[in-house]
Amino acid sequence: MLGPGFLFVFRVHLIAATRSSSGTTNRTEPSRAERPVMNESEGLRFRRQQRPQVLTDELHEHRYKGPGTYSGKVFQVTLLALGGFLLLPLLVFVLILESPIQPDVFTLKEPPQMKGCWEPNLKLREAQRLFEDQIIGPESIANIGDVLFSGTADGKIVKLIGRRIHTVTRLGKLPCGSTDEESSCGRPLGIRVGPNGTLIVADAYLGLFEVNPTTAGETTRLVSGGQIVAGRKLSFINDVAVTQDGKKVYFTDSSSRWQRRDYLHLIMEATADGRVLELDTETGEVTVLMENLRFPNGIQLLPDEESVLVAETTMARIRRVHVAGLNKGGMDTFMDNLPGFPDNIRPSSSGGYWVAMSAVRLNPGFSMLDFLSQRPWIKKLIFKLFSQDVLMKFVPRYSLVAELHDGGICTRSFHDPNGLVAAYVSEVHEHDGSLYLGSFRSPYIAKLDLRKV
């Protein structure tokens, strides 16, 4: 019996013989002089073409091995089925899960280009931090002489003398420190100096208060938080302004649906349920002056005391609400289409108004809130998947403050891209040649010397 080695050798010789005979049939060998001249590379290619091939069973198997085999296809199908099996319950869960917000569709104009008065700069980085890690969330600032006052995230009203912090009073009750405790602890926001040297404080949950800083913080509640006014609850009292004689106090209620701890829900939902209200301090009566605003925030009384400026944060604009005189009850626009979302408004020494913006609408650039304004389904999906604390990490920390004058004219602006020195700016309070920058989140007050910028 012939072994497999003999058959292999015989097959090779047979193939070689066949090719040799077929290559010489009816041909005469040309002489060396008649042979074509080939360079080295052509010769190498010619020799490779003439190299005999060995046919084996292994060659056939190797040629058809690869990802297209039956076992490979089975693996791919199994992997896809497993992925679908794992993702399908998650998808179903996301679809049936109710979103905490019901966003409105609204339109913002294309942001103004960042040039001229809005030209980006680094001037806010010239500021210095005061009381760093000693005070949390000093949203608003007021002064009596050289003594500064502010409210903090843990419900206290404090006075700042030199480098020392003194507690004037606490509006709520302990414990404090978490968002769940905020409604009972209190969250002081807007703060102003009244005509008698007292402080008028707007607490987001507890209401409006008059605080006497010279008598151990004696406190009088002017308006109760949560009370019903014109059929709707005061859920998010924000900022306050008071007339020189103290007879009228104007304040904003940012929403009757959302509380301060859910401010990002309010911004994303863009609900038009905010109001401007008036308190008559002699009668205690509270009336609604303007409603259907989208997140009314900071408020500033004009010198004639017939109008107030109101920052309508969600719409990136400032409205003028007429609170007295022939136009009482009317409203117009003081400045439209700001390059950021305005917070508090305070007077400047030059007759204008300082406006703080803790989030901007860069142009050129990309504004997430502008993008989402007409895509409510994306907002719903985002709030199904992420908490407010997680979403805040994705908000760019770009701080911008600007000085505006009547007619919507910007005269100067100071920037801190990435918020490296002054972050989450909520208010600009000018005193003695410096700007004191409040923040709704940061653990410090920033001070900017105007002589340096």
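To be clear, the structure that these remarks concern was listed above.
Predicted model only: the values in this text are computed from it and were never measured.

Trainee: I would appreciate a short explanation of the sheet that holds strand 13 (residues 248-253) in the present structure.
Mentor: Strand pairing in a sheet is mediated by backbone hydrogen bonds. Such pairs are either parallel or antiparallel. The 4 strands are arranged 12-13-14-15 in an open sheet whose pairing can be described as antiparallel. Since the sheet does not close on itself, it has two edges, and those belong to strand 12 (237-242) and strand 15 (286-293), each with one partner. The mean angle between the axes of side-by-side strands here comes to 20 degrees, regardless of whether they run parallel or antiparallel. Across 6 bridges, the pairing between strand 13 and strand 14 (residues 274-280) is antiparallel. The residue bridging Lys248 from the neighbouring strand is Asp280, located in strand 14.

Trainee: Explain the sheet that holds strand 18 (residues 317-322) to me, please; I cannot follow it from the model alone.
Mentor: Pairing in this open sheet of 4 strands is antiparallel, and the strands run 16-17-18-19 from one edge to the other. Whereas interior strands pair on both sides, the edge strands pair on one side only; in this sheet they are strand 16 (296-301) and strand 19 (331-335). Neighbour-to-neighbour, the strand axes of this sheet turn through a mean angle of 30 degrees, independent of strand direction. Across 6 bridges, the pairing between strand 17 (residues 307-312) and strand 18 is antiparallel. From the neighbouring strand, Ser307 faces strand 18, where its bridge partner is His322.

Trainee: What is the right way to read empty space enclosed by the protein from this model?
Mentor: Left-over empty space is what a probe sized like a water molecule reveals as it rolls over the atoms. Tallied over the entire structure, the rule returns 2 cavities of 30 Å³ or more. For the largest cavity, the calculated volume is near 40 Å³. Grouping the amino acids of the lining of the largest cavity by side-chain chemistry returns 4 nonpolar, 1 polar and 1 charged. In this model, the second largest cavity occupies a volume close to 30 Å³. In terms of lining, the second largest cavity is formed by Ala422, Ala423, Val425, Leu437, Gly438, Ser439, Tyr444 and Ala446. Element by element, the count of residues in the lining of the second largest cavity is highest for strand 25 (residues 434-439), at 3 residues. Grouping the amino acids of the lining of the second largest cavity by side-chain chemistry returns 6 nonpolar, 2 polar and no charged.

Trainee: What's the story with the packing of aromatic side chains in this structure? I'm lost.
Mentor: The geometry of an aromatic ring pair comes down to the distance between the two centres and the angle between the two planes. One pass over the structure, following the stated rule, counts 6 aromatic pairs. Ring centres of Phe236 and Phe295 lie 5.8 Å apart, and the angle between their planes is 50 degrees; on these two criteria the pair is classed as tilted. Taken as a pair, Phe236 in the loop between strand 11 (232-233) and strand 12 and Phe295 in the loop between strand 15 and strand 16 lie far apart in primary sequence, 59 residues in all. Each ring, one from Phe366 and one from Phe371, has its centre 5.8 Å from the other, and the planes form 55 degrees; the classification is tilted. Residue classification places Phe371 among the partly exposed residues on the basis of a relative accessible area of 33%. Cluster of aromatic residues (ring-pair linked, three or more members): Tyr263, Tyr424 and Phe440.

Trainee: Teacher, can you tell me more about unusual backbone geometry here?
Mentor: Residues apart from glycine generally show negative phi values, whereas peptide bonds are mostly found in trans. Across the junction of Leu174 and Pro175, the peptide omega takes the value 5 degrees, indicating a cis bond. The linkage connecting Asn363 with the following residue, Pro364, adopts the cis geometry, with an omega of 5 degrees. Mapped onto the elements of the fold, Pro364 is located in the loop between strand 21 (353-360) and helix 7 (368-372). Even without being a glycine, Ala270 presents a positive backbone phi close to 60 degrees.

Trainee: What should I look at first to understand the state of the cysteines in this one?
Mentor: Joining two cysteines, a disulfide is a covalent bond between their sulfur atoms. Using the criterion set out here, one finds 2 disulfides in the structure. Between the sulfur atoms of Cys176 and its disulfide mate Cys185 the distance is 2.0 Å. Between Cys176 and Cys185 the sulfur-sulfur dihedral comes to about 105 degrees; the bridge is accordingly right-handed. The disulfide pattern of the protein chain is 1-4, 2-3 when the bonded cysteines are numbered in sequence order.

Trainee: Help me understand the layout of surface pockets, please; the structure alone is not making it clear to me.
Mentor: Estimates place the volume of the largest pocket at around 890 Å³. Along the walls of the largest pocket sit 37 residues, with Leu264, Ala359, Leu369, Met392 and Val395 positioned nearest its centre. Of all the elements in the fold, those that place two or more residues in the lining of the largest pocket are helix 6 (263-269), strand 20 (340-347), strand 21, helix 7 and helix 9 (388-392). Ranked by the residues each element gives to the lining of the largest pocket, the list is headed by helix 6, at 4 residues. For the lining of the largest pocket, the per-class residue count stands at 26 nonpolar, 6 polar and 5 charged.

Trainee: What exactly am I supposed to notice about the pattern of salt bridges here?
Mentor: Pairs can form between side chains of opposite charge once their charged atoms are near each other. If you walk through the whole model with that rule in mind, you get 20 salt bridges. Residues Asp239 and Arg346 are paired through a salt bridge, measuring 3.0 Å at the closest nitrogen-oxygen approach. Here the residue Asp239 occupies a position in strand 12, and Arg346 occupies one in strand 20, the gap between them amounting to 107 residues. Salt bridges linked by common partners bring Asp239, Arg346 and Glu427 together as one network.

About the criteria used
The written sequence of each chain sets the order in which its residues are numbered from 1. Under the rules for a predicted model, residues below a pLDDT of 70 receive no local features and side-chain atom pairs below 80 are neither given nor counted, while totals for whole chains, interfaces and linings still include all residues. Heavy atoms from the whole structure form the basis of all side-chain values; hydrogens and water molecules are not counted. Think of it this way: DSSP has to see at least two bridges between two strands before they count as a pair. Only DSSP runs of H or I reaching four residues or more are called helices, and only runs of E reaching two or more are called strands; each is numbered from the N terminus. Geometry is summarised by axes, namely lines fitted to C-alpha atoms with helices restricted to the contacting stretch, and by angles between N-to-C directions that run from 0 to 180 degrees. Only protein atoms enter the 1 Å grid used here. Points where a 1.4 Å probe fits but cannot escape make up a cavity, open sets with protein on both sides within 12 Å along at least five of seven lines make up a pocket, and a residue lines them when an atom lies within 4 Å of a point. Grid points are joined across faces, edges and corners, and a volume is the space filled by probe spheres set on the points. Under this grouping Gly is polar, as are all residues other than the nonpolar Ala, Val, Leu, Ile, Met, Phe, Trp, Tyr, Cys and Pro and the charged Asp, Glu, Lys and Arg. In this scheme Phe, Tyr and Trp rings, the latter by its six-membered ring, pair at centre separations within 6.5 Å, and the angle between planes marks the pair as stacked below 30 degrees, edge-to-face above 60, and tilted otherwise. Accessibility here uses a 1.4 Å probe with only protein chains present; expressed as a share of the type maximum, an area under 20% marks a residue as buried, one over 50% as exposed, and anything in between as partly exposed. The disulfide criterion used throughout: a pair of cysteine sulfur atoms within 2.5 Å. Throughout this description, the term salt bridge denotes a Lys or Arg side-chain nitrogen within 4 Å of a carboxyl oxygen of Asp or Glu.

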